[in-house]
Every structure is written in C-alpha cells, then in structure tokens.
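Observations on chain architecture
One-letter residues, chain by chain:
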Amino acid sequence: MKSNHTSAIYWSLLEHKNWRFYIAATSKGLVYVGSPNKPLEELSAWVEKHFPDSQLVEHEKNLAPYKMQIIEYLEGKRKEFTFPVDYKGTPFQLSVWNTLCEIPYGQTKTYSDIANYLNKPTAARAVGAAIGANPIMIAVPCHRIVGKNGALTGYRGGLAMKSKLLELENPNSPMNK
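What you see is a predicted model; the values in this text were computed from it and never measured. (Residues numbered from 1 in each chain as written. Predicted model: local features only at pLDDT ≥ 70, side-chain atom pairs only at ≥ 80, totals over all residues. Heavy atoms only, no water.)

**Regarding the packing of aromatic side chains**
Our working rule: Aromatic rings from Phe, Tyr and Trp, with only the six-membered ring used for Trp, were paired whenever their centres fell within 6.5 Å, and each pair was classed as stacked if the ring planes differed by under 30 degrees, edge-to-face if by over 60, and tilted otherwise. Helix and strand labels come from DSSP, where a helix needs a run of H or I of at least four residues and a strand needs a run of E of at least two; each type is numbered from the N terminus. Residue burial is assigned from relative accessible area. The probe radius is 1.4 Å, only protein chains are included, and a residue is buried under 20% of its type maximum, exposed over 50%, and partly exposed in between.
Inspection of every chain in the model, using the stated rule, returns 9 aromatic pairs. Arranged with centres 5.0 Å apart and planes meeting at 35°, the rings of Tyr32 and Trp46 form a pair that is tilted. A residue pair is termed long-range when its members are at least 10 positions apart, and Tyr32 in strand S3 (residues 30–33) and Trp46 in helix H1 (residues 40–50) qualify at 14 residues. On the basis of relative accessible area, Trp46 is assigned to the buried category, the value being 12%. Note on Tyr73 and Tyr105: the rings are 6.2 Å apart at their centroids and 85° apart in plane angle, and the pair reads as edge-to-face. Of this pair, Tyr73 sits in helix H2 (residues 60–74) while Tyr105 sits in the loop between helix H3 (91–100) and strand S5 (109–110), placing them 32 residues apart in sequence.

Structure, rendered in structure tokens:
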C-alpha cells in the first residue's frame, strides 16, 4: 500500500572558494553531494528517481552541519566525516559504498581491490557500476578509486574534481605546502 505521506529532502548550495555544488539530506542523514557547477536540476532529477514521494525543500539550517564538515575537509582540516548518511541503494551497492568509507584518507585502491575485499574477485565491473552510482561524493570517497595502473578513471564530479580531491589528501602535493 502506497503512503500519501511525502517526506522532505532538504537541500542547500555549498559554495566555498572555487567549489560550488548542491548537497541534500533527509532527516536521517546526507543523501546527495552534487557535481561541481551543475544546476539544481541535477539534484531534482536524482530525487525524482530515488525519492519519488519526496519534496525538495531548501533548508540552510538543516544542511549547516554537513556544509561545515565538507568545508573543513576541502580546507584540509578534516580527514573523516562524523555526520550520518542515509544511503539508498541495492545491498551490493551498500556493501561497496561502506567499503569505500574504509579507505583511509590519502590512500587509493583499485576496483579489483574492492572486489577482492568483498570476496567477489570477478566483480570489478560491478564494483565500478556501484561506485558510479554513489550519490554522496566526497563523504563516500569514490575519488580514492583508481585504475589498475594508477590512472584516474571516471568520476561523476569529473576528473578535474577527482584530481583536486586526491591532491588535497596527498601531504606531498604542492597544493598542501
């Protein structure tokens, strides 16, 4: 039986230095971090697909704790997040996303590493698909996944964003001197 109750997805625009993207949360936790410089329609389309009975509500106060921690991360002052997340995905996606959260700050892994960790050594492509579906960039650190040869591979936020995030986490980067 379908409920007539619509829940709210709270959103806000995070703008900090050269960073500009939308973030969204339910009452349970962060659900979405958008691609840089994309319009609100990117978030709207995602919510329509994943939370069809929900309404988008702009709410600075509800998003303030998430913004604060993400900004601290972007400034190099935070290495892990303590806010709650509210994942929506298949059991396999959830296992991949939880595994991503175990990759330490400043380290990278390959798709095969994640597949092996999950005891599914032939599932590297499925791992890639699950990573590509990760709605919570930065906080669920899919930017820490690289190709077998160490090359940067696809990233919803774009390879420039992925490169900046990896540089930020590398203490030897000129950006951190």
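Having seen the model, we can carry on.
**What about the state of the cysteines?**
Just so we agree on the cut-off: Cysteine sulfur atoms are paired as a disulfide whenever they fall within 2.5 Å.
Tallied over the entire structure, the rule returns 0 disulfides. The closest cysteine sulfur to the non-disulfide-bonded Cys101 is located on Cys142, 9.7 Å from its own sulfur. Exposure remark for Cys142: the relative accessible area of 5% places this residue in the buried category.

**What to know about the pairing of S3**
Formally: Any two strands with at least two DSSP bridges between them are considered paired.
Here 3 bridges tie strand S2 (residues 19–25) to S3, and the two strands are oriented antiparallel to one another. Across the sheet, the residue bridging to Ile23 is Val33, located in S3. The loop that links S2 with its antiparallel partner S3 comprises 4 residues.

**Observations regarding the environment of Asn170**
Position of Asn170 relative to the elements: it lies in the segment after helix H6 (159–169). The spacing of Asn170 and Gly106 is 64 residues in sequence and 5.5 Å in space, taken between C-alpha atoms.

**Comments concerning the environment of Tyr117**
To keep it simple, the criterion reads: In what follows, a contact means two residues having at least one pair of non-hydrogen atoms within 4.5 Å.
Along the chain, the position of Tyr117 falls in helix H4 (residues 111–117). A C-alpha to C-alpha distance of 24 Å links Tyr117 and Thr82, two positions 35 residues apart in sequence. Non-local contacts of Tyr117, meaning those with residues more than four positions away in its chain, are made with Thr99 and Glu102.

**Regarding the pairing of strand S1 (residues 7–16)**
By the bridge criterion, 5 bridges tie S1 to strand S4 (residues 54–58) in an arrangement that is parallel. Along S4, the bridge assignment pairs Trp11 with Glu58. Here S1 pairs with S2 via 7 bridges, running antiparallel. Looking at S2, one finds that Leu14 is bridged to Phe21. Counting the residues that bridge the hairpin from S1 to S2 gives 2 residues, and of these Lys17 lies at a positive phi of roughly 50°.

**Digging into unusual backbone geometry**
Unusually for a residue other than glycine, Lys17 sits at a positive phi of about 50°. Here Lys17 is to be found in the loop between S1 and S2. Positive phi values are uncommon outside glycine, yet Asn37 reaches one of about 60°.

**Considerations on the UniProt feature "domain: Methylguanine DNA methyltransferase ribonuclease-like" (unreviewed entry) in the protein**
Stated precisely, the cut-off is as follows: UniProt positions are given in the numbering used here, feature names are shortened, and annotations may be inferred rather than shown by experiment.
Taking the numbering used here, the UniProt-annotated feature "domain: Methylguanine DNA methyltransferase ribonuclease-like" (unreviewed entry) corresponds to residues 9–87. Counted over residues 9–87, helix gives 33% and strand 30%. Its end C-alpha atoms are 13 Å apart.

**Overview of the side chain of Gln93**
Among the structural elements, Gln93 can be located in helix H3. The residues touching Gln93, leaving out its near neighbours within four places in the chain, are Ala130 and Ala133.

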